[in-house]
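Working through the structure, step by step
Below, each chain spelled out in residue letters.
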Amino acid sequence: MKKYILALDQGTTSSRAILFDRGGNIVSSKSQEFTQIFPKPGLVEHNPNEIWLSQLSVAKLAMATASATAKDIVAIGITNQRETTIVWDKQTGIPIYNAIVWQDRRTADIVDDLKKRGLADKFKHKTGLVLDAYFSGTKLKWILDNVKGSRDLARANKLCFGTVDSWLIWNLTHQRDHVTDESNASRTLLFNIHTGMWDNELLEILDIPQQLLPKIVPSSGIIGEASSGLFGSRIPIAGVAGDQQAATFGNLCIKPGMVKNTYGTGCFLLMNTGNKALVSNNNLLTTIGWSINNTREYCLEGSVFIGGAVTQWVRDGLKLIKDSNEIETLATSVADNGGVCMVPAFAGLGAPHWDQYARGAIFGITRGTTNAHFARAALESIAFQVADLVHAMESDSKQHLTTLRVDGGACRNNFLMQFQADILNTVVERPKCLELTALGAAYLAGIAVGFWSSVEELEAVWQLERQFEPAISDNKRQELLSIWHEAVGRTKGWLK
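Residues numbered from 1 in each chain as written. Predicted model: local features only at pLDDT ≥ 70, side-chain atom pairs only at ≥ 80, totals over all residues. Heavy atoms only, no water.

1. Digging into the packing of helix H1 (residues 48–65) against helix H6 (residues 164–172)
Packing of H1 against H6 leaves a shortest axis separation of 10 Å and a crossing angle of 65 degrees. Read as a crossing pair, H1 and H6 show a hand that is right-handed. Only Val 164, Trp 167, Leu 168, Asn 171 and Leu 172 of H6 make contact with H1, whose side of the interface consists of Pro 48, Asn 49, Ile 51, Trp 52 and Gln 55. Per-class residue counts for the contact of H1 with H6 are seven nonpolar, three polar and no charged. (Axes fitted to C-alpha atoms, helices over the stretch in contact; angles between N-to-C directions. Helix = DSSP H or I, 4+ residues; strand = E, 2+ residues; numbered from the N terminus. Left-handed = near helix turned anticlockwise from the far one by under 90°. Contact = heavy atoms within 4.5 Å. Nonpolar A, V, L, I, M, F, W, Y, C, P; charged D, E, K, R; others polar.)

This is the structure:
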């Protein structure tokens, strides 16, 4: 009997592969970082071939570590950094430009022009998204506008566009399948989340030929096979979802009203809203969570651009620590933040502010300020940004959040999780398995091939590791939030 699901988790800074067994346990895990390319301030790129080769490499290493062959793998599930945009030649498979990463801000002027033309409401109504440089559509337009001859090639059906899931599947299937699922498609500014189809009007507005877009497939279902030339024999590809939707599914937020937050490079808060595409009045996104058995689930989402990445900046930019794990010890070496407040708007502010011209700042520095205060303020800034999202989501959904499920690397930080519970006045639940993004992809693939019989069966797999309960007074909470909001206000519109 086949034993494992292979989850490919292609993230912003690393590619990871994990083998899961029927109990949802990690049997083997391998990861590899890849190059971050910064051509100019505000621009972020990846080498698409490095993404693919690093992902293939860790998949083979994870299988080898578990002494698993392709015959032991029942299916592959894929999850990925979402809005990152790749265009490649359909005949050669060679990218015509670097991958433009979701953090990249080069299309801010295109976005401003669309807003001036009064198109923001049209895009929001059809896609559930706010107009921002964050999403794939304007990145694709930029490539077609700036890579010589690309628009003619696109019209001649000689190019493929895809988010990272499409790129991986194209290579896994030996260029047989050019597809994406609804969760990834819903992040492009090109997909109508109500009809489940690419939207001709939006494509016309952005001057994007429809023939270079991938086919839409379910999030759970056999959509192709990994080539036998890669793993020795073919393996079904049976699950695919954008990383945050996969993490929501992996955290089993499968009932309306359930909420999770992923603490990765950025932070991503999602609330399951069931079969209702809930419209936000607070600049949150309406997005497709997943599609299973012809049933589409929606989520409300808020995005923080710089979450765990602020810890990397404290390590690499400020050089206050040598290893990211050291930040908790440094932060807790002082009793409080010493009046220091950090707003890490390095790439602008995400939801609910959506200010692409904001930039980072640190306030409240005195002669008594130490590196420990900086470290503490950095961690607190992550929780403050998440709190802004939660309060906006509560307003939109008319529901008070009582429990927040968490995942992602930074949620291992006990100080951060306790401060998150304190500032939200909400219980925070941390599961035993923190690789919820990969687990969600595995769940989606496993259900499709009968590895697990139903979503309900999965609920026995999710296990709580630790619960954090709020432990500060209301007055202290309001004081901290007031300072934070004052600081955020001063960073807005900085470039203008």
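2. Some details on unusual backbone geometry
Looking along the chain, the bond that leaves Ala 351 and enters Pro 352 is cis, with omega of -5 degrees. As for its placement among the helices and strands, Pro 352 is situated in the loop between strand S19 (341–343) and strand S20 (361–363). Its identity is not glycine, yet Asp 207 carries a phi of approximately 55 degrees, on the positive side. With respect to the helices, strands and loops of the structure, Asp 207 is situated in the loop between helix H8 (200–206) and strand S12 (215–217). The phi dihedral of Asn 293 is positive, around 55 degrees, even though this residue is not glycine. Within the secondary structure, Asn 293 is located in the loop between strand S17 (285–292) and strand S18 (295–304).

3. Some points on the pairing of strand S3 (residues 26–33)
The side chains of a regular strand alternate between the sheet's two faces. The sheet contact formed by strand S2 (residues 14–20) and S3 spans seven bridges and is antiparallel. Residue pairing in the sheet places Ser 15 in a bridge with Gln 32 of S3. Between S2 and S3, which pair antiparallel one after the other, the connecting turn spans five residues, and Gly 24 there sits at a positive phi close to 75 degrees. (Pairing = 2+ DSSP bridges.)

4. Quick notes on the side chain of Asp 132
Among the structural elements, Asp 132 can be located in the loop between helix H3 (120–127) and helix H4 (136–146). Judged by its relative accessible area of 1%, Asp 132 falls in the buried class. Among the polar contacts listed, one links the side chain of Asp 132 to the backbone nitrogen of Tyr 134, at a separation of 2.9 Å. Apart from the residues within four sequence positions on either side, Asp 132 is in contact with Arg 105, Val 111, Thr 138, Leu 189, Phe 305, Trp 354 and Gln 356. (Buried < 20%, exposed > 50% of the residue type's maximum accessible area, 1.4 Å probe, protein only. Polar contact = N/O pair within 3.5 Å; in protein donor to acceptor, adjacent residues only side chain to side chain.)

5. A short note on helix H2 (residues 108–116)
Within H2, the full set of buried residues consists of Ala 108, Ile 110, Val 111, Asp 112 and Leu 114. Residues of H2 that are buried sit in contact with H3, H4 and H8. Gly 118 sits one or two residues past H2 and shows a positive phi near 75 degrees.

6. Notes on the nonpolar core
Ranked by internal contacts, the top residues of the largest apolar core, which has 105 residues, are Leu 140, Ile 208, Leu 212, Leu 213, Tyr 263, Leu 404 and Ile 423. For this core, the element with the most residues is helix H13 (residues 371–397), which contributes 15 residues. With near-sequence residues (within four places) excluded, Leu 404 lies in contact with Val 259, Lys 260, Asn 261, Tyr 263, Leu 269, Gln 420, Leu 424, Thr 426, Val 427, Val 428 and Glu 429. Residues Leu 6, Trp 52, Ile 86 and Val 217 belong to the second largest nonpolar core, which totals 38 residues. (Core = buried A, V, L, I, M, F, W, Y, C linked by side-chain atoms within 4.5 Å.)

Scope: geometric values only; no functional claims are made or implied.
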